[in-house]
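Summary of structural features
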Amino acid sequence: MKLITAVLPTAGFEQVQQALRTLGIPGITVSTVMAPPLGRVQGTPRFEVYRGVRRQIALRPAVRMDIVTTDLDAVDVVQVITVAAGGTGGAVWVLPVDTIVRIRTKERGEAAL
Amino acid sequence: MIPYPSWLNSGDNTWQLVAATLVGLMSIPGIAILYGGLVQRKWAVNTMLMAFSAFSIVLVAWVLYEFKMSFGSPLHMGPGILRAAVGKPGTITGAKAEIGQANIPLVSGAGLMPAFRFPQSTLAYFQFAFAAITPLLFLGSVIGRMNFRAWLLFVLLWSGIVYSVNAFLLWGGGWWAQMGALDYSGGYVIHLAAGTSGFVAAAVVGPRLARDRARAVPNNLPLVACGAGFLWLGWNGFNGGDMYFGGQNAAAAVLNTNLATAVALLAWVLLDMFAGAQRKPTFLGAVNGMIVGLVSITPAAGFVTGTGAILVGLIASVLVWLSWNKLAKLKFMSRVDDALGVVHTHGVAGLVGGLLVGLFADPAMAIYYNKDGSAVSVSGLFHGHPKQLALQAGAAGTIIVWDGLMTFVILKVIGLFVRLRSPDEVLELGDLAAHDEEAYPSEEGLAAVGAGAASTGPPPTESPASAKSAEPAAEP
């Protein structure tokens, strides 16, 4: 099994989620994180000025998605995310997963997906 | 020594200044934070800045030429309505204009009301607060995409060209006032005007980004509660000040205003609970109902009885609820992106309230008294004066046509010189791109640069690549 993590600019998240839903991927955990400015629009250096003090924006709110899939599906999911987020940018990476337990049903491993 | 001249009454002057301040608080901070909380998080700063800026623009224009255009001597431009449609522009910055007795040449000097008992500066400031809140109300239609520069020009021109005519026609003793059309406190001059102009402006400026329209969630409901509260209680000055004296009719207007508002709020909540799509009461629904009550009683406040006020609040709330939930779904309505639905809560509500004056205005509600003790009052259809309803409809038609047409023309002209809608790059980021500010900035995400920065770490310099990509996104 694989853990797929994607960090996307907020603007690109919706298309990705839509694409994954079309693909039939149900299990997805989303969190708001801070990341270096991502993508085309956010990537331009931006500044904020409060009471005369100018500060460069080093981190921006971004969306982080965590998905656990079978080894077989992982390739497709990464491909879908890459295509769907193509217009906005971001990053996606894959890690191996030892085990997974669905607490309510006590199912383990791929049965729990 | 004596503190003030004999025509001045300190009670009337005090009430008028308090009422004016209450109306001002409805704009700043009332509307600023109501709208600031209702918009998406990324537009809160832009919305509040537009509100504060418009408030300032109107005051400067007001004392330089606009007060005289709204409440001065008529500018004779032709026959009929053109004979008394707008006043001659002029300043009110001199000592005499500020200290002298207030006067509206066609009204107070013409024996239609008692002579004012406060100075011109009190009248000017009181009426300024009304002139200022009107553009702030239709700000709700164009937020989330209108270019800040275009907004400044729009407010300046709209206020001088459109508002002054509205006010002169109904309050400055202009043609519709002479015909007998009634607007106690701005159901037409302000709310119908804001609803109409906002809707037309939203159509001309164009919609927000499709994604923003689809995800237009408010960023701060407690802030909305504060703004809505300022509006409600501020309305005591809005409607309580428009008889110009701290008298019996002002007191009745204040009570009626609150009564209609309470009824309208409850009616909207009950409609949401028993007829709405979700069958649940909502806070933002309650705020809508509150605004509808306040707006609809505005043209009627001191003309109707308490019973009339209850009926006005109830009828308006039901009609605007239908307009909001049914009419808004029609294609031609949803094509126009009236962001906060100003055309419903202000346009339709103001129109309904104005027409209901033509039905419920009660002659027993004394506004002023003649020397012989008889009451000066008005009456509607249900009190034997059907013509009043026709007058109310005629005045409403004039406001809708004039405001709609001129809003269109003004924006088209501004659009020749300044872009009305910010570029998409700005719209995607919102406040950050337009103002270099955010409503809720993150402390962690910022690294100080320049003179105010702490001397830790190398100062980030703009790389050649980033300088090259300097797009018009930085333009407000």
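Reading guide: rules and limits
Residues numbered from 1 in each chain as written. Chains lettered and ligands numbered in written order. Predicted model: local features only at pLDDT ≥ 70, side-chain atom pairs only at ≥ 80, totals over all residues. Heavy atoms only, no water. UniProt positions renumbered as here; feature names shortened; annotations may be inferred. Helix = DSSP H or I, 4+ residues; strand = E, 2+ residues; numbered from the N terminus. Rg over C-alpha atoms; globule rule 2.2 N^0.38 Å. Buried < 20%, exposed > 50% of the residue type's maximum accessible area, 1.4 Å probe, protein only. Contact = heavy atoms within 4.5 Å. Areas by Shrake-Rupley, 256 points an atom, 1.4 Å probe, with all protein chains shown as cover. Lys, Arg positive; Asp, Glu negative; His and termini not counted. Charge placed at Lys NZ, Arg CZ, Asp CG, Glu CD. Salt bridge = Lys/Arg side-chain N within 4 Å of Asp/Glu carboxyl O. Polar contact = N/O pair within 3.5 Å; in protein donor to acceptor, adjacent residues only side chain to side chain. Core = buried A, V, L, I, M, F, W, Y, C linked by side-chain atoms within 4.5 Å. Patch = residues over 30% accessible without salt bridge, like charges linked within 9 Å, V, L, I, M, F, W, Y side chains within 5 Å. Pairing = 2+ DSSP bridges. Axes fitted to C-alpha atoms, helices over the stretch in contact; angles between N-to-C directions. Phe/Tyr/Trp six-rings, centres within 6.5 Å; stacked < 30°, edge-to-face > 60°.

An unreviewed UniProt entry annotates chain B as Ammonium transporter originating from Streptacidiphilus cavernicola. Regarding chain B, the relevant UniProt record gives this comment under Subcellular location (unreviewed entry): "Membrane". Here chain B is described in UniProt, under the heading Sequence similarities (unreviewed entry), as follows: "Belongs to the ammonia transporter channel (TC 1.A.11.2) family."

If you check an unreviewed UniProt entry, chain A appears there as P-II family nitrogen regulator from Streptacidiphilus cavernicola.

1. Concerning the overall build of chain A
In terms of regular secondary structure, chain A is built from three helices and eight strands. When its helices and strands are written in sequence order, chain A yields β-α-β-α-β-β-β-α-β-β-β. Taken against the 2.2 N^0.38 rule, which gives 13 Å for 113 residues, the C-alpha radius of gyration of chain A at 17 Å runs more than 25% over that of a compact globule. Each of the three principal axes of chain A carries a C-alpha extent, and together these read 60 × 25 × 20 Å. Split into buried and exposed, the 113 residues of chain A put 36% on the buried side. Across chain A, contacts joining residues at least 24 apart in sequence account for 76% of those joining residues at least 6 apart. Counting only carbon and sulfur atoms, one obtains 57% of the accessible surface of chain A, whose full area is about 6,400 Å².

2. Description of the overall build of chain B
For chain B, the count of helices and strands is 18 helices and three strands. Residue burial in chain B is summarised as follows: out of 476 residues, 54% are buried. Considering only contacts in chain B between residues 6 or more positions apart, those separated by 24 or more positions represent 77%. Summed over its atoms, the accessible surface of chain B is roughly 18,900 Å², and 67% of this surface lies on carbon and sulfur atoms. If you average the places of the 25 positive and of the 24 negative side-chain charges in chain B, the two averages end up 9 Å apart.

3. Quick look at the side chain of D242(B)
All names here are of chain B. Among the secondary structure elements, D242 is positioned in the loop between α9 (221-240) and α10 (248-274). Here D242 sits buried without a salt bridge, and the closest side chain of opposite charge, R117, lies 17 Å off (N-O distance). Separated by 2.4 Å, the side chains of D242 and S185 make a polar contact. Sequence-distant contacts of D242, that is, excluding residues within four places in its chain, are made with F126, Q127, F130, Y184 and S185.

4. Quick notes on the pattern of salt bridges
Residue and element names in this part refer to chain B. According to the stated counting rule, one finds eight salt bridges over all chains in the structure shown. Among the salt bridges present, the one from D212 reaches K42, with a minimum N-O distance of 3.0 Å. Placement of D212 in helix α8 (residues 210-214) and of K42 in the loop between α1 (10-38) and α2 (44-71) is noted, with a sequence separation of 170 residues between them.

5. Thoughts on the nonpolar core
Residues W151(B), F154(B), Y163(B) and Y244(B) are the most contacted members of the largest nonpolar core, which totals 128 residues. Counting residues per element, this core draws most heavily on helix α4 (residues 120-142) of chain B, at 14 residues. If sequence neighbours within four positions are ignored, W151(B) has contacts with M50(B), A54(B), P135(B), F138(B), L139(B), V142(B) and M146(B). Residues A6(A), L20(A), A74(A) and V77(A) belong to the second largest nonpolar core, which totals 16 residues.

6. Comments concerning the UniProt feature "domain: Ammonium transporter AmtB-like" (unreviewed entry) in chain B
This chain's UniProt record puts "domain: Ammonium transporter AmtB-like" (unreviewed entry) on residues 15-440 of chain B. As annotated, residues 15-440 of chain B has a helix share of 66% and a strand share of 1%, and its two end C-alpha atoms lie 39 Å apart.

7. Digging into a nonpolar patch on the surface
All names here are of chain B. Side chains of L405, F408, V409, V413, L416 and F417 sit close together on the surface and give an oily, nonpolar patch of about 630 Å² of accessible area. Among the structural elements, F417 can be located in helix α15 (residues 387-417). Using a relative accessible area of 69% as the deciding quantity, one classes F417 as exposed.

8. Considering the environment of G24(A)
Residues and elements named next belong to chain A. Within the secondary structure, G24 sits in the loop between α1 (10-23) and β2 (29-35). The class of G24 is exposed, set by a relative accessible area of 51%. Sequence separation between G24 and R108 is 84 residues; the distance between their C-alpha atoms is 21 Å.

9. Observations concerning unusual backbone geometry
For the peptide bond that leads from I28(B) to P29(B), omega is 10°, which places it in the cis range. Positive phi, close to 50°, is recorded for R51(A), a residue that is not glycine. Within the secondary structure, R51(A) sits in the loop between β3 (47-50) and β4 (53-57). Positive phi, normally seen in glycine, also occurs at D436(B), with a value near 60°. The residue D436(B) is located in the loop between α17 (431-435) and β3 (446-449) in this model. You can call D436(B) partly exposed: its relative accessible area is 27%.

10. Brief notes about the sheet that holds strand β6 (residues 91-96) of chain A
Residue and element names in this part refer to chain A. Strand order in this open sheet of four strands is β2-β5-β1-β6, and the pairing throughout is antiparallel. Edge positions in the sheet fall to β2 and β6, since each has one partner strand and no second. Strand-to-strand twist in this sheet, taken as the mean axis angle between neighbours without regard to direction, amounts to 25°. Bridge analysis of β2 against strand β5 (residues 60-69) gives seven bridges, and the strand direction is antiparallel. Bridge pairing in β5 links V33 to A62. Contacts between α1 and the sheet are confined to β1 (2-9), β2 and β5, with β5 contributing the most and set at about 20° to the helix.

11. Section: the packing of aromatic side chains
All names here are of chain B. Enumeration according to the criterion identifies 23 aromatic pairs over all chains in this entry. When the centroid spacing of 5.0 Å and the interplanar angle of 80° are considered together, the rings of W175 and W176 count as edge-to-face. Look at W176 and you get buried, because its relative accessible area is 10%. Residues W235 and F238 carry aromatic rings whose centres are separated by 4.8 Å and whose planes lie at 45° to one another, so their mutual orientation is tilted.

12. Focus on the side chain of R145(B)
Residue and element names in this part refer to chain B. As for its placement among the helices and strands, R145 is situated in the loop between α4 and α5 (148-170). With a relative accessible area of 1%, R145 lands in the buried category. At a separation of 2.9 Å, a polar atom in the side chain of R145 contacts the main-chain carbonyl oxygen of S141. A distance of 2.6 Å separates a polar atom in the side chain of R145 from the backbone oxygen of D337. R145 has contacts with A202, V205, G206, P207, R208, D337, A339, L420, R421, S422 and L427, leaving out every residue within four places of it along the chain.

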